[in-house]
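Residues per chain are reported as follows:
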There are 4 protein chains.
Amino acid sequence: MRGFRTDLAMESISGHGLRMEGVQVRTHHLNDITHTRIRILNERAADLLGRKRGQYVTVEYPGLPRCDTARRQVLSRLVAQAVRSMLPPQGDVLVVGLGNRNVTADALGTRVVERMLVTRHLRQTVAGELRGKLRGVSAIAPGVLGLTGIETAELCRGLVGHVRPTAVIAIDALAAYESERICTTVQITDTGIEPGSGVGNHRLGLTRDTLGVKVIAVGVPMVVYASTIARDAMARLIDAYGIYASGHDEAAQELLRQVADGFLGDMVVTPREIDELVLSVAGLLSDGINQALQSAVDEETLHTFARA
Amino acid sequence: MRGFRTDLAMESISGHGLRMEGVQVRTHHLNDITHTRIRILNERAADLLGRKRGQYVTVEYPGLPRCDTARRQVLSRLVAQAVRSMLPPQGDVLVVGLGNRNVTADALGTRVVERMLVTRHLRQTVAGELRGKLRGVSAIAPGVLGLTGIETAELCRGLVGHVRPTAVIAIDALAAYESERICTTVQITDTGIEPGSGVGNHRLGLTRDTLGVKVIAVGVPMVVYASTIARDAMARLIDAYGIYASGHDEAAQELLRQVADGFLGDMVVTPREIDELVLSVAGLLSDGINQALQSAVDEETLHTFARA
Amino acid sequence: MRGFRTDLAMESISGHGLRMEGVQVRTHHLNDITHTRIRILNERAADLLGRKRGQYVTVEYPGLPRCDTARRQVLSRLVAQAVRSMLPPQGDVLVVGLGNRNVTADALGTRVVERMLVTRHLRQTVAGELRGKLRGVSAIAPGVLGLTGIETAELCRGLVGHVRPTAVIAIDALAAYESERICTTVQITDTGIEPGSGVGNHRLGLTRDTLGVKVIAVGVPMVVYASTIARDAMARLIDAYGIYASGHDEAAQELLRQVADGFLGDMVVTPREIDELVLSVAGLLSDGINQALQSAVDEETLHTFARA
Amino acid sequence: MRGFRTDLAMESISGHGLRMEGVQVRTHHLNDITHTRIRILNERAADLLGRKRGQYVTVEYPGLPRCDTARRQVLSRLVAQAVRSMLPPQGDVLVVGLGNRNVTADALGTRVVERMLVTRHLRQTVAGELRGKLRGVSAIAPGVLGLTGIETAELCRGLVGHVRPTAVIAIDALAAYESERICTTVQITDTGIEPGSGVGNHRLGLTRDTLGVKVIAVGVPMVVYASTIARDAMARLIDAYGIYASGHDEAAQELLRQVADGFLGDMVVTPREIDELVLSVAGLLSDGINQALQSAVDEETLHTFARA
């Protein structure tokens, strides 16, 4: 009953036992917020988990999209911390919003890019307290292949060659296995975007290999695939009645394949209120990333500046 | 394994055998378009099916949201015909768009209302060929209870008292049982909107009883509930392995209840591209309803007028 | 050279001398924020100024749409204070957003209504610290005559009869004479909405006379009419060269009439970035009005609740 | 009284006399549609007019944004014809939507790009009647400098290097001198986009010089600058009263400078209903450009395909 689709490393490792060799997991709790840092240390572990070697930080809070100002500040600082720990200390950064702005559940990247404090063009002209403190940031949400005719990865490679950042931050809407994770878990990783991941199923990846610079990926699950729900329902039934034991698993797989290929393939599961959840999550991510990028500027100034 | 949620009469009657007493079904095929007229004739049939007495016309076409101009015209004429057959021959009509405009899958009603040819205020002033031919139409998308603090049904009752239409046409996004029906089936019924129906779960119904005039409801499935997908997956497994026969059904129901109550309750399944599908379907419905309301005006004039 | 169009009482009285009989003006400065309370005390003054008897509070700050968090709080509290001073101490309130949501400069009312803390339907069910403290609020943005076929004033009269509030708060986008006032001045008045006012030119007014309850109007200039710009340019030229003295004024008026009737009639002047300015101003107004309505609840709780 | 700002060649030549040397003008009337082809043939004429050498085709129709289906077809064909006459016969084309999608009057380019038939990525996979007939088209609306930190011209140069089109089509919202031209005039030119032009004031141009391939610019006036309205009003007054003759012109210029610099600089004049006009005009332009690009495909197939 394998084959659930997920873009979260945290879900990939669950079920593999806590102490898998080559994987390091550290979890902290701040009241009801959970902070986890996973390190996949060698290729063997990477292969087993189907995830690339590197770090994956997860910040989880069940009420994330609707929390109060104080908790929002804690969450955005945790995001900032994780991003900052992966960023090169100096140099320009290009922020890329992946996904399709016209598809609500896939628009997270675009919504974050809209809220970025973009500075590359005004470092020379900015006055007052910000002068000399701003890191050069550019940002783009180029749109998906179906709308542009150009692979996002190709397009970004061209931009990196031109803008010459020391790192790329890529923002993407993810698919999870557990529907409770939708809009409640932020994943920050230094491994970039893997091919086939994301709500929009990027055909090519965005990684150091394809772009030539470090790629930090920030993502939040926005959907669960409908086929995952169907698989999961079947799995629970099988567990409960021991069909597995009696060798029915293969046949169940076949059944599911029919179901999923037939009509569930393109369908996604989201909360009904996904439209407003996306905006809320985008606000939190952009606050965190803006803080990480402009660590010499205080939060209030950033906030005012970003709104202006 | 009952309890699938659907707002389509067509799905309620399926599985009850073709010749249920008190139910009349007539189906026509126009190439790949299917037109079905269901009449529920007595209370006994109504109770059995959990649907009100009255007529339900269904227009189905698998490629509906993306069809060519010619087929679009056929489909909008079929919608027009069904609506016209239920409308009183004369008198003003109030069109009400139900649902939440900020929730993509629930915004169908709003999007249709935006495209209505509204004439109540200009019958006196309109010039030329339209003069004397226009039926009085008003239209509103009042918004959902959570955003207004007022039940839609209450609000409509107030409006009906004021505008004094001879009929109300209510547009709503529906939930279906089969995901293939999303954006491919139009239901037109003279029974109004039932309480608890629609993507937004209207708490009160909009019917002749509550509004005092005939209510024609036009709807298209926009979602399947995630719990329906889970139930359906379990049901297929059960069918395949005969768990039902061995009395496990009750336990399976219990399992599902846990799953659904736990976290699937609010979740809906939609195609990823739901944002653009809504606009396409809204265009087709408004074309059809505008034709039905202004049957003295030719299609081209209507189209131009509606766009102006 | 009279006849400039403005919806601001403050602009109507300027030029009439500071001490007009029957008009009381009190101005306070809080750093760079200006707070003015105008009272028009008798019919004679009302006729002279072309404004209704009553109170007009104006809060002005040149950087209003882009101010920092601290100043934003000051401004929203001043709005709250003015609204609260005009509200009946108890009873439900209906908030009405005027204008056309599809016209950026006219969408202010809609955008404010979207951010209102609506409570009428949940006073019984709300838990915890809010229990018993919430004032009943309902809110609607009904849309303009051209889209609904129903006069906003008629529609509101119906709603008032149903919801039975003790007051209505009407939000509207205004037209000003001076373009510096766009998005920088808030007017709060207990005289309601006058016929012909607003960006959308409401045909009927919303006042105690038409609705039967007190109507508090909150508005911000979003446009200057293009004909006002043209008139103003001519006026400045005339002032500078003394054409007026030589009796050319009448002819200039005629010239302007030709220009304005010809093509400027429908045209409005706005800042290029009006789309985002509207959102910013709507946020400030809704914060202020939510505070005024729920004065038993602290700001942070309100903010969290309004976002949930 | 010079210095009116316009992006239309047609307005630049008016007032210079019909038979200026080095300028060729041909006008045709199709009922109430006017089609004009202007050729600026030498540098002297180019300098005098402040426009680049090349061709400028203008299609004018007063009712353009609200015309009926038949006239819409005529207009989109005229646009198609003009674009086709400037396109290289073969090779890929990159369509670039200029302007800021969040500023209604500046979003024309983005709205056109959203409706482009993008084919670069699917020429190999497309089936049936389209196979082998599609020209490779890619399209992007990269966003303005203030939002990306990257000059649009720089960004396009990078893309051209990567995509290797034989021509670029750039779509932009223009500023006009006469407000009657807003949304009623389409300009197609083979001279590209000039620096400082457009509603968004592009800092760099998009021309063969900067991009290395032919650049066809398609634009429609969406605004008139408020300072143009003020200047124009003054000019009319001056004409009427002969101030000019008496040497007051210089002083009037000074007066205007004060006015415009003071507060009108950023202000633009638009029709109130600009939001919907933009969508209508974008539909017409994209129909025309899609036809020009895919001249081997019939209109109906194009239309269906573009909507799918």
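Residues numbered from 1 in each chain as written. Chains lettered and ligands numbered in written order. Predicted model: local features only at pLDDT ≥ 70, side-chain atom pairs only at ≥ 80, totals over all residues. Heavy atoms only, no water.

### Some thoughts on the packing of helix 3 (residues 69-86) of chain D against helix 10 (residues 274-293) of chain D
Residues and elements named next belong to chain D. Relative orientation of the contacting elements helix 3 and helix 10 amounts to 50°, with a least axis distance of 7 Å. What the angle tells us is that helix 3 and helix 10 run oblique. Of the two possible hands of crossing, helix 3 and helix 10 adopt the one that is right-handed. Where helix 3 approaches helix 10, its residues R72, L75, S76, R77, V79, A80, V83 and R84 are matched on the opposing element by S280, G283, L284, D287, G288, I289, Q291 and A292. Residue composition of the contact of helix 3 with helix 10, by class: 7 nonpolar, 5 polar and 4 charged. (Axes fitted to C-alpha atoms, helices over the stretch in contact; angles between N-to-C directions. Helix = DSSP H or I, 4+ residues; strand = E, 2+ residues; numbered from the N terminus. Parallel < 35°, antiparallel > 145°, perpendicular 65-115°, else oblique. Left-handed = near helix turned anticlockwise from the far one by under 90°. Contact = heavy atoms within 4.5 Å. Nonpolar A, V, L, I, M, F, W, Y, C, P; charged D, E, K, R; others polar.)

### Looking at the relation of the copies chain A and chain B
At an RMSD of 0.1 Å, chain A and chain B line up after a rotation of 180° and a shift of 0.0 Å along the axis. Taken together, the turn and the small shift mark the pair as related by a two-fold rotation axis. When C-alpha positions in chain A are compared against the rotation axis, the closest is assigned to V269 of chain A, at 2.2 Å. When the interface residues of chain A are mapped onto chain B, 100% of them are again interface residues, pointing to one common binding face. (Least-squares fit on C-alpha atoms with pLDDT ≥ 70 in both.)

### Notes on the nonpolar core
Among the nonpolar cores identified, the biggest contains 134 residues, and I169 and M222 of chain C together with I169 and M222 of chain D are the most heavily contacted of them. When neighbours within four sequence positions are excluded, M222 of chain D is seen to be in contact with A105, L108, A173, L174, I182, C183, V199, V269, T270, I274, V278 and V281 of chain D. Counting residues in hydrophobic clusters, the runner-up holds 128 residues, among them L75, A141 and L293 of chain A together with I171 of chain B. (Core = buried A, V, L, I, M, F, W, Y, C linked by side-chain atoms within 4.5 Å. Buried < 20%, exposed > 50% of the residue type's maximum accessible area, 1.4 Å probe, protein only.)

### Side note on the pattern of salt bridges
Using the criterion set out here, one finds 48 salt bridges over all chains in the structure. The shortest N-O distance in the salt bridge between R53 of chain A and E43 of chain A comes to 3.8 Å. Of this pair, R53 of chain A sits in the loop between helix 2 (43-49) and strand 3 (54-60) while E43 of chain A sits in helix 2, and the two are 10 residues apart along the sequence. A salt bridge links R71 of chain B to D68 of chain B; the shortest N-O distance between them is 3.8 Å. A relative accessible area of 23% places R71 of chain B in the partly exposed class. Members of the salt-bridge network, linked through shared partners, are E11, E60, E178 and R181 of chain A. (Salt bridge = Lys/Arg side-chain N within 4 Å of Asp/Glu carboxyl O.)

### Quick look at the side chain of T207 of chain A
All names here are of chain A. As for its placement among the helices and strands, T207 is situated in the loop between strand 7 (185-189) and helix 7 (208-211). T207 gets classed as buried once you look at its relative accessible area, which sits at 7%. In this structure, T207 is in contact with K52, T191, I193, G212, V213 and V215, ignoring residues within four places of it in sequence.

### Topic: the interface of chain A and chain B
One frequently used descriptor of interface size is the decrease in accessible area upon assembly of the parts. Taken together, the 37 residues of chain A in the interface contact 37 residues of chain B. For the pair chain A and chain B, the two sides together bury roughly 3,300 Å², of which 66% comes from carbon and sulfur. Our count for the chain A to chain B interface comes out at 0 salt bridges. At the junction of chain A and chain B, the tally comes to 9 residue pairs in polar contact (both at pLDDT 80 or more). At the level of secondary structure, the elements contributing two or more residues to the side of chain A that touches chain B comprise helix 8 (226-241), helix 9 (249-264) and strand 9 (267-271) of chain A. With 10 residues, helix 8 of chain A is the single largest residue contributor to the side of chain A that touches chain B. Classifying every residue of the side of chain A that touches chain B gives 24 nonpolar, 7 polar and 6 charged. By the bridge criterion, 5 bridges tie strand 9 of chain A to strand 9 (residues 267-271) of chain B in an arrangement that is antiparallel. What sits directly across from T270 of chain A, in strand 9 of chain B, is V268 of chain B. (Buried area = accessible area lost by both parts, 1.4 Å probe. Polar contact = N/O pair within 3.5 Å; in protein donor to acceptor, adjacent residues only side chain to side chain. Pairing = 2+ DSSP bridges.)

### Here's the deal with the environment of K214 of chain C
All names here are of chain C. Its location among the elements puts K214 in strand 8 (residues 214-225). Judged by its relative accessible area of 21%, K214 is partly exposed. Leaving out residues up to four positions away in the same chain, K214 has contacts with M86, T166, A167, V168, D190 and R208. At 2.6 Å, the side chain of K214 and the backbone oxygen of M86 are in polar contact.

### Concerning the pairing of strand 1 (residues 23-30) of chain A
Residues and elements named next belong to chain A. As defined by bridge partners, strand 1 adjoins strand 2 (residues 33-40) across 8 bridges and the pair is classed as antiparallel. Opposite V23, over in strand 2, you have I40 as the bridge partner. Count of turn residues in the strand 1/strand 2 antiparallel hairpin: 2 residues, of which N31 carries a positive phi of about 50°.

### Points about helix 6 (residues 152-163) of chain C
Given a rise of 1.5 Å per residue, 12 residues ought to cover 16 Å, and the 16 Å separating the end C-alpha atoms of helix 6 of chain C matches this to within 8%. Within helix 6 of chain C the residues assigned to the buried category are T152, A153, E154, L155, C156, L159, V160 and V163 of chain C. Turning to helix 6 of chain C, the residues buried within the fold contact strand 5 (137-140) and helix 6 (152-163) of chain B together with strand 4 (93-97), strand 5 (137-140), strand 6 (167-176) and helix 7 (208-211) of chain C. (Expected span 1.5 Å × (residues − 1).)

### Some remarks on the side chain of E194 of chain A
For E194 of chain A, the position within the fold is in the loop between strand 7 and helix 7. When residues no more than four places from it in sequence are discounted, the contact partners of E194 of chain A are G50, R51, K52, Y56 and G205 of chain A.

### Here we look at unusual backbone geometry
Residues and elements named next belong to chain B. Unusually for a residue other than glycine, C183 sits at a positive phi of about 65°. Within the secondary structure layout, C183 lies in the loop between strand 6 (167-176) and strand 7 (185-189). A relative accessible area of 0% places C183 in the buried class.

### Concerning the pairing of strand 5 (residues 137-140) of chain A
Look at any regular strand and the pattern is simple: side chains alternate between the two faces of the sheet. All names here are of chain A. Residues V137 and A139 of strand 5 are buried on one face, and the alternating residues S138 and I140, pointing to the opposite face, are buried as well. Strand direction decides the pairing type here: strand 4 (residues 93-97) and strand 5, joined by 4 bridges, are parallel. Residue pairing across strands places L94 opposite S138, the latter belonging to strand 5. At this point the chain moves from strand 4, through helix 4 (residues 108-114), to the parallel strand 5, and the crossover so formed is right-handed. (Right-handed = clockwise from strand over helix to strand, strands pointing away.)

None of this, on its own, says anything about what the molecule does.
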